[in-house]
Amino acid sequence: KPADMDPVDVVLSGFPCQPFSGAGKGLGVNDDSGRLMNATRDYVAHHLPRLVCPETVEANLSPKHIQLQEHVEQRMRDLGYNISRKTIFTRDNRILQNRPRVYVVCSLEEQLTRTVTFPERIPSIKVRELVDPRTPDERPGLPKPRHARNRVRGALERVAKQGIDLERKDIV
């Protein structure tokens, strides 16, 4: 019960995606795990944290589930929250997933008045850029232990033997 829980300033939440995505049956709230968001909603309604940031699958914005997403966001507005939402392709931000995710930021009007800014795409880097003959002092971010650099170089040599062009291959 929310009344038995301590209040916090920030709530970060994610919900099982299978009830809403193509990875599951797409039953939405007709699936038991599709109703888990209610626990977060009840907690937020009781404690009114300054910031609530739920993350979900892009399928919640599909015609099949958009009414639920809009209902949840309206409930947050009714509680006094400002809502900002953006779909972000995780791979574009060096997160090791390759799928779009929906990030929602809900802030209380009287406590947080700053405009929400979502991250822009972070450029991917080439594998070759990770290994450099320069010393760590000459190139920030290069592993300092010599054996770590040797391990990376060895791995790159094995990859090159497989015919993978390291100058063109992007990594996240």
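See the structure above.
Position numbers for residues start from 1 in each chain and track the written sequence from start to end. Side-chain atom pairs in this predicted model are given and counted only at pLDDT of 80 or more, local residue features only at pLDDT of at least 70, and totals for whole chains, interfaces and linings cover all residues. Just so you know, side-chain values use all the structure's heavy atoms and leave hydrogens and water out.

*Asks:* Residue-level account of the side chain of E55, with values.
*Replies:* Note on placement: E55 falls in strand β2 (residues 51-57). Think of it in three bands: residues with accessible area under 20% of the maximum for their type are buried, residues over 50% are exposed, and the middle band is partly exposed, with areas taken using a 1.4 Å probe on protein chains only. The class of E55 is buried, set by a relative accessible area of 18%. We define a polar contact as two N or O atoms separated by no more than 3.5 Å, with the added condition that, inside protein, one atom must be a possible hydrogen donor and the other a possible acceptor, whereas residues neighbouring each other in sequence contribute only through side-chain atom pairs. Here R101 takes part through its side chain, which lies 2.4 Å from a polar atom of the side chain of E55. If near-sequence neighbours (up to four positions away) are discounted, E55 is found in contact with S13, G14, F15, R101, V102 and Y103. Helix and strand assignments follow DSSP, with helices taken as H or I runs no shorter than four residues and strands as E runs no shorter than two, numbered in order from the N terminus. Should any heavy atoms of two residues lie within 4.5 Å, those residues are counted as being in contact.

*Asks:* I'd like to hear about the pattern of salt bridges, residue by residue, with values.
*Replies:* Counted as salt bridges are all cases of a side-chain nitrogen of Lys or Arg within 4 Å of a carboxyl oxygen of Asp or Glu. Across all of its chains, the model carries three salt bridges by this definition. With a closest N to O distance of 3.0 Å, D42 and R41 form a salt bridge. The partly exposed category is assigned to R41, whose relative accessible area is 29%. In this structure, R101 engages E55 in a salt bridge whose closest nitrogen and oxygen atoms are separated by 2.4 Å. Of this pair, R101 sits in strand β4 (residues 100-108) while E55 sits in strand β2, and the two are 46 residues apart along the sequence. E55 shares its class with R101; the two are buried.

*Asks:* Before we move on, could you go through the layout of surface pockets and cite the residues and values that matter?
*Replies:* If you add up the space inside the largest pocket, you get close to 310 Å³. By residue number, the principal contributor to the lining of the largest pocket is helix α2 (residues 66-78), which donates seven residues. The class makeup of the residues in the lining of the largest pocket is nine nonpolar, seven polar and four charged. With a 1 Å grid laid over protein atoms only, a set of points is called a cavity when a 1.4 Å probe fits there but cannot get out and a pocket when it is open yet has protein on both sides within 12 Å along at least five of seven lines; lining residues have an atom within 4 Å of a point. Grid points are joined across faces, edges and corners, and a volume is the space filled by probe spheres set on the points. Residues are grouped as follows: Ala, Val, Leu, Ile, Met, Phe, Trp, Tyr, Cys and Pro are nonpolar; Asp, Glu, Lys and Arg are charged; all remaining types, including Gly, are polar.

*Asks:* I'd love a proper account of the side chain of H47, names of residues and values included.
*Replies:* Positionally, H47 belongs in helix α1 (residues 37-47). Its relative accessible area of 18% is what places H47 among the buried residues. One polar contact links the side chain of H47 to the main-chain carbonyl oxygen of P2, over a distance of 2.8 Å. Engagement of the side chain of H47 in a polar contact is seen with the backbone oxygen of M5, the distance being 3.0 Å.

*Asks:* I'd love a proper account of the nonpolar core, names of residues and values included.
*Replies:* As used in this record, nonpolar core signifies buried Ala, Val, Leu, Ile, Met, Phe, Trp, Tyr and Cys residues forming a set joined through side-chain atoms within 4.5 Å. Core analysis: the largest hydrophobic core is formed by 11 residues, namely V11, Y43, V44, V52, M76, Y81, I83, V102, V104, C106 and L108. Elements supplying a minimum of two residues to this core: α1, β3 (81-89) and β4. Considering each element in turn, this core owes the most residues, four residues, to β4.

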